[in-house]
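Results of the structural survey
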Amino acid sequence: MDNHTAFDPTEDSQVRGIIRKLAFFSERPASDDSEVAALFPGFDFDVRLMAGITPIERGMLLDFFIDRPSGLDGWILNLTVDGTGQVFDGEEEFTVTPGDLILIPPGVRHYYGRHPEAQKWWHRWIYFQPRAFWKPWLAWEQERGGVFILPDSGDSNASEFARLFVQVEKWAALDDLLSIDLAFNRLEQIRDSQRVQYAMQVLRISDEPIKSLSAMVGYEDPLYFSRVFHRHVGMSPRAFRAKSEQAIAATRPEDRSEDAPTPQED
């Protein structure tokens, strides 16, 4: 993933187009434009796969909290690309910032919007009915209020996620079986990227054996997991762990015993 250049959401022509459209409306627009209609409450997600982007700006038409007490029939995968969002309120409240992923299962309450202290919250989303063999991917380690959370790893993964979300939307918008299949393939790439990102976090903070880590992130074959990890990160899991340990060690001041010799002045 690190081989890609950074993705700048402010240069996204699609977002600018949506913002221009919304600027002409003082209230919710007609439902004949699915790109915009899907951003408002009451939209009927009656498809197997759909994707889009919601560019919320302070004081603009989309600046409200989505509140679906019973959730949706399908899953929602959400990636923050700019600004700060708020999910839930009260004790379950948490915020999301660029690179953070959340996954909302069917039937789980939707309550999210721009964080009150932020100027914007742009987030890409994918609504989907999963393939049967995706079950291991759909149960993440971190969860709050029924919503799964994967914070940004800080390794430039957000740009790769954003590109894959864009590609899912591109193919899902075409109404033919091949395009839908290509969209699902891109969604599977997000699945792999998500699992690799989680593996990177585990490698940084634990000495979990690679074989056990492979099973933790849903790969039965450790060798295949290592190949997938190398393809995304550019090095093996063991090499990544060693690099992370070296980076941590480099930030720690060297211990010096009291009886260590003091350098002599010339």
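For clarity, every value in this text was computed on a predicted model and none was experimentally measured. (Residues numbered from 1 in each chain as written. Predicted model: local features only at pLDDT ≥ 70, side-chain atom pairs only at ≥ 80, totals over all residues. Heavy atoms only, no water.)

Glancing now at the sheet that holds strand 5 (residues 94–96). The strand order across the open sheet formed by four strands is 2-7-4-5, and the pairing between neighbours is antiparallel. Because the sheet does not close on itself, it has two edges, and the strands there are strand 2 (66–68) and strand 5. When strand polarity is set aside, the average angle formed by the axes of neighbouring strands in this sheet is 20°. Inspection of the sheet shows strand 2 paired to strand 7 (residues 110–114) by three bridges, in the antiparallel sense. Counted as the bridge partner of Ile66 is Tyr112 from strand 7. (Pairing = 2+ DSSP bridges. Helix = DSSP H or I, 4+ residues; strand = E, 2+ residues; numbered from the N terminus. Axes fitted to C-alpha atoms, helices over the stretch in contact; angles between N-to-C directions.)

Summed over the entire model, instances satisfying the criterion amount to 14 aromatic pairs. Through successive ring pairs, a cluster of aromatic residues spans Tyr219, Tyr224, Phe225, Phe229 and Phe240. When the ring centre of Phe184 is taken as origin, the NZ or CZ atom of Arg48, which lies over that ring, is 4.4 Å away. When the ring centre of Tyr219 is taken as origin, the NZ or CZ atom of Arg195, which lies over that ring, is 3.9 Å away. (Phe/Tyr/Trp six-rings, centres within 6.5 Å; stacked < 30°, edge-to-face > 60°. Lys NZ or Arg CZ within 6 Å of the ring centre and 35° of its normal.)

Once that is clear, we can look at the sheet that holds strand 8 (residues 120–128). Taken in spatial order, the six strands make up an open sheet running 1-8-3-6-10-9, and their pairing is antiparallel. The sheet terminates laterally at strand 1 (49–57) and strand 9 (142–144), the two strands that pair on one side only. Strand-to-strand twist of the sheet, defined as the mean angle between neighbouring strand axes without regard to direction, takes the value 25°. Two strands pair when backbone bridges link them, and strand 3 (residues 75–83) and strand 6 (residues 101–104) are joined in this way by four bridges, in the antiparallel orientation. Across the sheet, the residue bridging to Leu79 is Leu101, located in strand 6. Running over the sheet, helix 1 (residues 13–23) touches strand 1 and strand 8 and is turned about 65° from strand 1. (Contact = heavy atoms within 4.5 Å.)

The values are spatial; any link to function lies outside them.
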